[in-house]
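# Notes for the structure review
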Amino acid sequence: MKLVKGAWKLLVGIKDGLVLIFMLLFFGLIFAALSARPNTTIKDGALVIALNGTLSEQPAEADPFASLAGGDVPQQYRVRDVVRALDKAATDTRVKAVVLDLDRFMGGYPADVAVVGEAIKRVRDADKPVLAYATAYSDSAYTLAANASEIWTNPFGGVLIAGPGGSQLYYKGLIDRLGVNAHVYRVGTYKAAVEPFTREDQSPEAREANQALYGSIFETWRTNVAAARPKAQVGPYLTQPAQVIAATQGNIAQANLNAGLIDRIGDRVAFGKRVAEIAGVERRKPAGSFKEIALSRYIAANPLPTTGDKIGVLTVAGEIVDGNAGPGVAAGDTIANALLEGMAKHELKALVVRVDSPGGSVTASERIRQAILEAKRRGLPVVVSMGGLAASGGYWVSAPGDVIFAEPNTITGSIGIFGLIPTFEGTLAKIGVTTDGIQTTPLSGQPDILGGTNAEVDAILQANIENGYRRFVGLVANSRGLSRERVDQIGQGRVWDGGTARQLGLVDRLGGIDDAMAEAARRANLDPATVRAVYLEKEPSAFAQFIASMASSGEDDASEPAADLFAKMGETRRATFAQAVGDMRRLTRGTSVQVRCLECGGFGPAQASAEDYRIMDALIARFAL
């Protein structure tokens, strides 16, 4: 009996202890969340824009598990927040200089990088010093740095211009070895999204289209850099980089200095001392310290306007998927409901649809399009603003716009559709497993992922895809005032840059979201100077905001920089590999019928989630043993 009582007391004690621990953690999180609210007090100093990750139209929610596990997943920075901070800093007397810390910047889609670069130029044109530092500059990082007043690099670093392009993974050999049969149903000569599953290399059609697109984007890059830094001798680095570097016996930084690509060579201490000359010395801190203004604090201290006529801004960012999801994913139900609820709650005068998506699910794309059409039925002018990417499903949801704006190097088009169903009869045969059964109709048990599809279901699915393509072509033709034949001619899954898309009639004007807001105001008979944006977005959960605030709270601390050029290149390739793993997982797991531009990922930074990194690391660990 005493043993039972003792055991009971032990269990009660354990229970009470667990409850106490839970309560302490609960109240600790509440206290941390309250204390983590950004301090909006701004003192004189240098505004530090340390982009330790990628630029994004709508950052995804922070992964708490990646943060708790110490996962090294790049952060995402909202383009409009960075631009707003720069534009405010241009005339803010408290901001003595702007510092661009680009050591761990992993880029963004060309249009997004160009928009931030233009904002940096506006700061420089306002006679405010802008100083950039990086150990190794990527093409995207140099786009930003070229607009700075002073460009610094580490003695062991420098600038190497790679240009757009690179390798893409093709899985056909692996699929054949595993015995997997990838059944592809597609329309579009240039719809290369499924080629990694059906080919071992790039098709001639895809190569032709990509060469034209890469060439156009790279030419825009060269034009922007030349305008920002006209004395820089970039040409030799593009045609004969090895000879240029060999002339300085492998000293890349010195070669950059000789060519005018950079202004100063020095380590972080020397750079910090230079900034301190302008922004002031931070007392009782190590050499190289200066008075800093953290980006997150500055953004919080300069919120969006709260007065004026309301124009709704609906953001369609990320992969388009069915159902509901948080920020960074364009979930059909979430976005459609955000628009419908926004129209019910706010007296919106017009709507701007901001698109930054490679597409995805057909049904989710149509769900969003129908919600936009409902806004038009209610009499709201609808203006579309394309960000870095508005392709395939991203164009599907853009088509209803009264006017479509795009940046010159926005990636758009990809009017095509496909479906993919993997079957594993070959895989099973390799281990001696076969299938058999009874069919009462030609569709019994179809599509059979174990025994393979039959000709009947293949014909039905292909016909369905072709019907979807006709619908895509029809809605674009009706919206854009083009003939079906013309849309089919410029469609076929081909991807275009914004400038070419305007010439083809897929886009009306070149410009950014500010231009779209002004146009929406004019169409609503409003003064563009008096309107304000109401963003119709799902807010991150309280826990996600807490995790994000904890991540940004360390902004003042020096992040571990990429050690040298080789480390920088390795970091970028790691992200690309993680994205490839994620693309394969998402494509085979998601909705079978897709209006997706999977190949568009090659034109921007690797968009890998925390889960993609975890799977990649697991694969590496598995094969490294």
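Above this text sits the structure in question.
Residues numbered from 1 in each chain as written. Predicted model: local features only at pLDDT ≥ 70, side-chain atom pairs only at ≥ 80, totals over all residues. Heavy atoms only, no water.

## Structural notes on the overall build of the protein chain
The condition is simple: Only DSSP runs of H or I covering at least 4 residues are called helices, and only runs of E covering at least 2 are called strands; the numbering of each starts at the N terminus. Each residue is assigned to one of three classes by its accessible area relative to the maximum for its type, calculated with a 1.4 Å probe on protein chains only: buried under 20%, partly exposed between the two thresholds, exposed over 50%. Every residue pair with non-hydrogen atoms within 4.5 Å of one another is taken to be in contact.
Check the secondary structure of the protein chain and you find 24 helices and 22 strands. Burial status across the protein chain gives 49% buried among its 625 residues. Taking all contacts inside the protein chain whose residues are at least 6 apart in sequence as the whole, residues at least 24 apart take part in 76%.

## Some details on the packing of aromatic side chains
Note the following rule: We call Phe, Tyr and Trp rings a pair once their centres come within 6.5 Å, taking the six-membered ring for Trp, and we label the pair stacked below 30 degrees between planes, edge-to-face above 60, and tilted otherwise. Only lysine NZ and arginine CZ atoms are considered, and such an atom sits over a ring when it is within 6 Å of the ring centre and within 35 degrees of the ring normal.
Following the criterion strictly, the structure yields six aromatic pairs and no others. Ring centres of W152 and F271 lie 5.5 Å apart, and the angle between their planes is 70 degrees; this geometry places the pair in the edge-to-face category. One end of the pair, W152, is in strand β6 (residues 150-159); the other, F271, is in helix α12 (residues 268-279), with 119 residues separating them in the sequence. A connected cluster of aromatic rings, assembled from ring pairs, spans Y133, W152 and F271. The positively charged end of R80 is found above the aromatic ring belonging to Y535, 3.6 Å away from the centroid.

## Considering helix α8 (residues 204-228)
What counts here: Any helix carries an expected span of 1.5 Å times its number of residues minus one.
Between its first and last C-alpha, α8 extends 36 Å over 25 residues, near the 36 Å set by a 1.5 Å rise per residue. Taken together, the buried positions of α8 are occupied by A206, A209, N210, L213, Y214, I217, F218, T220, W221, V225 and A228.

## Things to note about the sheet that holds strand β1 (residues 45-50)
Note the following rule: Note on pairing: two strands pair once DSSP finds at least 2 bridges between them. Lines fitted to C-alpha atoms define the axes, with helix axes restricted to the stretch in contact, and inter-axis angles between N-to-C directions lie between 0 and 180 degrees.
Read across the open sheet, the six strands follow the order β8-β6-β5-β4-β1-β9; overall the sheet is parallel. Of all strands in the sheet, those with a lone pairing partner are β8 (264-265) and β9 (292-294), marking the two edges. The sheet contact formed by β1 and strand β4 (residues 95-101) spans six bridges and is parallel. Within β4, the residue paired with G45 across the bridge is V95. Relative to β6, helix α11 (residues 252-259) is tilted by about 150 degrees, and along the sheet it contacts β6 and β8. Along the sheet face, α12 touches β1, β4, β5 (130-137), β6 and β8 and points at about 170 degrees away from the line of β5.

## Some points on the pattern of salt bridges
To be explicit about the condition: Salt bridges are counted wherever a side-chain nitrogen of Lys or Arg sits within 4 Å of a carboxyl oxygen of Asp or Glu.
What the rule picks out here adds up to 27 salt bridges. The salt bridge involving R78 is made with D81; its shortest N-O contact spans 3.4 Å. With relative accessibility at 18%, the residue D81 sits in the buried group. With a closest N to O distance of 2.8 Å, E519 and R509 form a salt bridge. With E519 in helix α21 (residues 513-523) and R509 in strand β20 (residues 509-510), the pair connects residues that are ten residues apart, well separated along the chain. Judged by relative accessible area, E519 falls into the buried class, the value being 7%. The partly exposed category is assigned to R509, whose relative accessible area is 34%. The structure contains a network of salt bridges with shared partners spanning R78, R80, D81, R84 and E537.

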